[in-house]
Amino acid sequence: MKYSKFRIHRYKGIKNTVEINLSKSSLIPIIGVNECGKTTILEAMLSFDEINDYNLGGKHLSHLQNLYDTKKYEIVVSAEIEYKFQELENELVDYVKSEMDYDEDETEEEETELKNEIKKLVENKLPEFKNQSTLTIYRSLEKKKYSFDLNNFSSQAENDVCEKIVQLCPYMLYFDDFQDDFNGVVRYKNEAKVGDEEPEDVTKNKWYKIVNELFKQTDSEYSLKKLIISGDLKSNIISDVTQHLNNIINEGWVNFSLEKGVPPTIKIIPLTNFMLKFEIVEKITLEDGSTRDRHFGVKERSKGFFWFFSFTMKLYFNSQKRSSKDKDTIYLLDEPGSYLHSTAQKNLLDQLNTLSKDNKVLFTTHSPFLLDPEKIPLKNIRISTKSDKNGIELHNFSTAPKKLSGKNSPFQILLHYLEITPFSLNYNKNNIVITEGIFDYYWYEMMKGSRKLNFFPSSNADSIIFHISYMIADGKKYSIVWDNDLPGVRSYEKAKKSFGDRESEKWVILPNIGKNKTVLENLITKADMEKIRVVLQTETTFKKIATLLYYSNQRKEILNSLSKETKENFKIVYEKIEENMMK
């Protein structure tokens, strides 16, 4: 059994129905400008299978109603499911047998009635299924009930039978780079109860499940529960698991070509209180030729490596995937590889392409490096748009609005929805300031006031180097602003080596503001960030706040209310940019 189509009706910003057809394409990129509903579409698909209800902290099942509507609608996600009748019949017959195998004396009357309703429903539905090859199941997201009928979710028997069928379908796995908060430490035993307060159940933690799957894949006899009682064997078990993990990391390192040289080693360290710490061990060469080990937390290295580590762990050790030979699993990836340089993004596309041979892969992106037409036909690409009149819609190239004329029309549409303005299309601005990414761009644009600076977003620190050649060739008056962190400084030094000391005088590394290393986030005081969160009514990440604030109709009032300290911090940066730009 497998999914062939999803239809999303009235979910959040979707005013009508959005359809995703998986029967003709197995690798589907979704592109579009910021805040156009790309993530909404992925989250709606995820919400169909109830097993995913606790993913993403449940946010995909909260605030479901479209806030721009005055009427309340039934919010439904449906799936068209392909099946072979004999397999489906066998499963449903076995299901009914298990339901009817009960002790009448020990079963409540209401439960007995439900079991009989299930039996009758299956008997009525099987002849119908015999003459078809697909069936459609609807899920009301507010009622959290399934049905064969879009307009009726009242039958518990129908919900239970539909639920059984959904359980026979492939899983959906969701990857979100911006919300991954793994700090490298996993607790594998619940803390002791204090008073009446129940401790958090660690087995429900996403990373507990991933690490537990790593143990099980290393050896079917291993698990985090067994580690608790393993005694003197604990070190041997952790050693085996560490070796297996590093084999996977090494393979991925070669496939992605993240950096030259030997990949870092991952070390799993047992801590007190039943915790495991994942650490990066990297060898460095000293001036005398000797080597030393240096230890880093998984988040202390580059953002690109942390993405690679998280993606590899979730891809290989996801407990929801039924087996390594499973087919037709649906992978939903929100902005994969955002922190990778262009070569690694191209290699990521190769990995996604391979993954899609036996599975379905849908991903959102702003990167042209993940849209190579030799690997993804233009007909596979979907364009998400959003308007006050129609809400969120999903198009292919033939139906996308704002279609541009000219001999390069399909590719110019691509550039339009990726928000890319290449210099060959007459980029005629000056006073250009290249930033590390879109979120930096948002903040610098919002805070510049009347300054005549035109900020230009790259995809990460390394990708800035790609744009310098264009600036020089076009004779642009420009500067660059890098974060004063390890990726930013590395990228600055790399660019300086390529373009020389004289050109580098135009560039800026964020000056120290109360800290040894300053990134954009440090320019905004904690009090101001809290104020913004309160006004926007959100607890989301710094990056997502930048997007929300940039497109908020309260933006002007919020920016005016920021403290003198925050404004002065940005002023220092702008003055340094303007000074260096004149060199």
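Before reading on, note that the structure itself is shown above.
Below is a summary of the structure that appears in this document. Since the structure is predicted, the reported quantities are computational estimates derived from the model, not experimental observations.

Let's talk about the overall build of the chain
Looking only at helices and strands, one finds 17 helices and 19 strands in the chain. Scaling as 2.2 N^0.38, a compact globule of 583 residues should have a C-alpha radius of gyration of about 25 Å, and the chain matches this with 27 Å. Its C-alpha atoms give the chain principal-axis dimensions of roughly 90 × 65 × 50 Å. Relative to its full complement of 583 residues, the chain shows a buried share of 49%. Counting only contacts in the chain whose residues sit at least 6 apart along the sequence, the fraction spanning at least 24 positions is 66%. When the accessible surface of the chain is totalled, it reaches about 29,800 Å², and 47% of it is carbon and sulfur. One way to put it: in the chain the 84 positive side-chain charges average out to a point 8 Å from where the 88 negative ones average out.

Focus: the packing of aromatic side chains
Following the criterion strictly, the structure yields 33 aromatic pairs and no others. Residues tyrosine 188 and phenylalanine 274 carry aromatic rings whose centres are separated by 5.8 Å and whose planes lie at 90 degrees to one another, so their mutual orientation is edge-to-face. Highlighted residues: tyrosine 188 in the loop between strand S8 (185-187) and helix H5 (206-218) and phenylalanine 274 in the loop between strand S9 (265-271) and strand S10 (275-285), separated in sequence by 86 residues. On the basis of relative accessibility, which here comes to 2%, the residue tyrosine 188 falls in the buried class. Pairwise contacts between aromatic rings join Phe439, Tyr441, Tyr442, Tyr550 and Tyr551 into one cluster. The positively charged end of lysine 125 is found above the aromatic ring belonging to phenylalanine 148, 4.5 Å away from the centroid.

Looking at the pairing of strand S13 (residues 360-364)
Regular strands place their side chains on alternate faces of the sheet. Burial of S13 is extensive: five of the five residues sit out of reach of the surface. By the alternation rule, side chains of S13 split into Lys360, Leu362 and Thr364 and Val361 and Phe363, which are all buried. Sheet topology places strand S3 (residues 27-31) next to S13; four bridges connect them, and they run parallel. Its bridge partner being in S13, isoleucine 30 is matched across the sheet by threonine 364. Regarding the hand of the β-α-β motif, the stretch spanning strand S12 (residues 330-334), helix H9 (residues 342-355) and S13 is right-handed.

Focus on unusual backbone geometry
Unlike most non-glycine residues, phenylalanine 274 shows phi in positive territory, near 60 degrees. In this structure, glutamate 335 is a non-glycine residue whose phi angle is positive, near 55 degrees. For glutamate 335, the location among the structural elements is in the loop between S12 and H9.

Comments concerning the sheet that holds strand S17 (residues 454-457)
In space, the four strands of this open sheet follow the order S17-S16-S18-S19, with parallel pairing throughout. Strand pairing shows two members of the sheet lacking a second neighbour, S17 and strand S19 (508-509), which therefore form its edges. For strand S16 (residues 432-435) and S17, the ladder comprises four bridges, and the chain directions are parallel. Paired with threonine 435 across the two strands is proline 457, which belongs to S17. Along the sheet, helix H13 (residues 486-504) makes contact with strand S18 (478-482) and S19, crossing S18 at roughly 155 degrees.

Remarks on the sheet that holds strand S5 (residues 134-140)
Ordered in space as S2-S1-S4-S5-S6, the five strands form an open sheet in which the pairing is antiparallel. Each of the sheet's edge strands pairs with one partner strand only, and the pair in question is strand S2 (17-21) and strand S6 (145-147). Going across the sheet, the axis of each strand differs from the next one's by a mean of 20 degrees, ignoring polarity. The pairing of strand S1 (residues 2-9) with S2 spans five bridges and is classified as antiparallel. What sits directly across from isoleucine 8, in S2, is valine 18.

What to know about the nonpolar core
Grouped together as the largest cluster of nonpolar side chains are 57 residues, with contacts concentrated most on Phe215, Leu245, Phe278, Phe309 and Met313. Contacts of leucine 245, omitting those with residues within four sequence positions, involve Leu214, Ile266, Ile268, Phe278, Met313 and Phe317. Counting 51 residues, the second largest nonpolar core, distinct from the first, contains Tyr11, Leu135, Ile330 and Leu394.

Regarding H5
An ideal rise of 1.5 Å per residue puts 18 Å on 13 residues; H5 measures up with 19 Å between its terminal C-alpha atoms. Looking at H5, one finds that the buried residues are Trp207, Tyr208, Ile210, Val211, Asn212, Glu213, Leu214 and Phe215. If you check the start of H5, you find a side-chain oxygen 2.8 Å away from the backbone N of tryptophan 207, and it comes from asparagine 205.

Topic: the packing of H5 against helix H8 (residues 303-316)
As a packed pair, H5 and H8 sit with axes 9 Å apart at the nearest point and diverge in direction by 65 degrees. As for how H5 packs across H8, the hand of that crossing is left-handed. Residues Trp207, Ile210, Leu214 and Gln217 of H5 lie in contact with H8, whose contacting residues are Ser310, Met313, Lys314 and Tyr316. Here the contact of H5 with H8 is built from residues that sort into five nonpolar, two polar and one charged.

Considering a negative patch on the surface
Residues Glu108, Glu109, Glu110, Glu113 and Glu117 make up a contiguous surface patch of negative charge. Here glutamate 109 shows up in helix H3 (residues 109-130). With a relative accessible area of 60%, glutamate 109 lands in the exposed category.

Brief notes about the pattern of salt bridges
Taken as a whole, this structure holds 23 salt bridges when the rule is applied. Across the pair lysine 375 and aspartate 350 runs a salt bridge, and its minimum N-O distance is 2.6 Å. Remark: aspartate 350 occurs in helix H9 and lysine 375 occurs in the loop between S13 and strand S14 (382-387); sequence separation between them is 25 residues. What emerges from the salt-bridge pattern is a single network uniting Lys12, Glu43 and Lys59.

Conventions and cut-offs
- Residues numbered from 1 in each chain as written.
- Predicted model: local features only at pLDDT ≥ 70, side-chain atom pairs only at ≥ 80, totals over all residues.
- Heavy atoms only, no water.
- Helix = DSSP H or I, 4+ residues; strand = E, 2+ residues; numbered from the N terminus.
- Rg over C-alpha atoms; globule rule 2.2 N^0.38 Å.
- Buried < 20%, exposed > 50% of the residue type's maximum accessible area, 1.4 Å probe, protein only.
- Contact = heavy atoms within 4.5 Å.
- Areas by Shrake-Rupley, 256 points an atom, 1.4 Å probe, with all protein chains shown as cover.
- Lys, Arg positive; Asp, Glu negative; His and termini not counted.
- Charge placed at Lys NZ, Arg CZ, Asp CG, Glu CD.
- Phe/Tyr/Trp six-rings, centres within 6.5 Å; stacked < 30°, edge-to-face > 60°.
- Lys NZ or Arg CZ within 6 Å of the ring centre and 35° of its normal.
- Pairing = 2+ DSSP bridges.
- Right-handed = clockwise from strand over helix to strand, strands pointing away.
- Axes fitted to C-alpha atoms, helices over the stretch in contact; angles between N-to-C directions.
- Core = buried A, V, L, I, M, F, W, Y, C linked by side-chain atoms within 4.5 Å.
- Expected span 1.5 Å × (residues − 1).
- Polar contact = N/O pair within 3.5 Å; in protein donor to acceptor, adjacent residues only side chain to side chain.
- Left-handed = near helix turned anticlockwise from the far one by under 90°.
- Nonpolar A, V, L, I, M, F, W, Y, C, P; charged D, E, K, R; others polar.
- Patch = residues over 30% accessible without salt bridge, like charges linked within 9 Å, V, L, I, M, F, W, Y side chains within 5 Å.
- Salt bridge = Lys/Arg side-chain N within 4 Å of Asp/Glu carboxyl O.

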